[in-house]
Amino acid sequence: MNNHRISFKLVSLAFIVCFISGCATSMSLRYEKPKFEAVNKGKIHVVVNDQRPPDEGGKEPARVGTIRSGVGMPFPLRASDGREPTKVLKELVSDCLKAAGYEVVEQINTVPQLYVVLKSFWCDGYQYSRAWMTMSAELKSHINSQSVWHHEFESNAGIVSTVGYGPFENGINTMLEDAKQKLIAQFKDSKFQNNFKSF
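Summarised in this report is the structure supplied together with it. (Residues numbered from 1 in each chain as written. Predicted model: local features only at pLDDT ≥ 70, side-chain atom pairs only at ≥ 80, totals over all residues. Heavy atoms only, no water.)

### Brief notes about the environment of V111
Residue position: V111 is located in the loop between β4 (103–104) and β5 (113–126). Judged by its relative accessible area of 8%, V111 is buried. The spatial distance from the C-alpha of V111 to the C-alpha of F199 is 8.8 Å, given a sequence separation of 88 residues. Ignoring sequence-local partners within four residues, the contact set of V111 consists of K43, I44, H45, V105 and S141. (Helix = DSSP H or I, 4+ residues; strand = E, 2+ residues; numbered from the N terminus. Buried < 20%, exposed > 50% of the residue type's maximum accessible area, 1.4 Å probe, protein only. Contact = heavy atoms within 4.5 Å.)

What follows is the structure, given as structure tokens:
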């Protein structure tokens, strides 16, 4: 019992020292680029709107969660510069559209738009944690038009906490990989393709 308590205290102390010393202050959100389809099914523009709760990244765009020490002390989890969730999500959605055979362009008024709303992108827990992301996507002729296609996406990953950011970074990136597969599957689905052709 004493050895267990000593080990627990040492792990907790190492955890706290790690953060105070700044050994890792941010995480690199990443995923493996999918293979792009050579066939061009048409041009599309991607818009991402951040609607995360204020206390879960809504007020601080780089914030992606909370990590806790062995005694429950919370520390913020942040994405590295230039890899904030909205930027990564727009890149991910665009890559998945390309993998389904669409050409993503920056034109706004002349091509159909995929309007994506990021509702949550967060990681929290104690010892056994979870990372989760929810978003919706609508296909429109322009930003103020009625959608002709809509889908809700949800991805998550379990995380076993240890010292440092590593397991959380891996968990979030596993979540992104799951989202990638779901996005590609929807964009290749006949319902999406047929609604895209309606414009």
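Now that the structure is up, let's keep going.
### Remarks on empty space enclosed by the protein
Applying the stated criterion across every chain, the model contains 1 cavity of 30 Å³ or more. In this structure, the largest cavity encloses a volume near 30 Å³. Lining the largest cavity, in full, are M133, M135, F153, E154, S155, A179 and K182. Listing elements by their share of the lining of the largest cavity, those giving two or more residues are β6 (128–140), β7 (149–160) and α3 (166–188). Of the residues contributing to the lining of the largest cavity, the split by class is 4 nonpolar, 1 polar and 2 charged. (1 Å grid on protein atoms, 1.4 Å probe; cavity = no way out; pocket = protein on both sides within 12 Å on 5 of 7 lines; lining within 4 Å. Points joined across faces, edges and corners; volume = space filled by probe spheres on them. Nonpolar A, V, L, I, M, F, W, Y, C, P; charged D, E, K, R; others polar.)

### Considering the pairing of strand β2 (residues 63–68)
Within a regular strand, side chains alternate between the sheet's two faces. β2 sits mainly inside the fold: 5 of its 6 residues count as buried. The pairing of β2 with strand β3 (residues 74–78) spans 5 bridges and is antiparallel. Looking across to β3, one finds that G65 is bridged to L77. (Pairing = 2+ DSSP bridges.)

Honestly, that's just the spatial picture; any functional story needs more than this.
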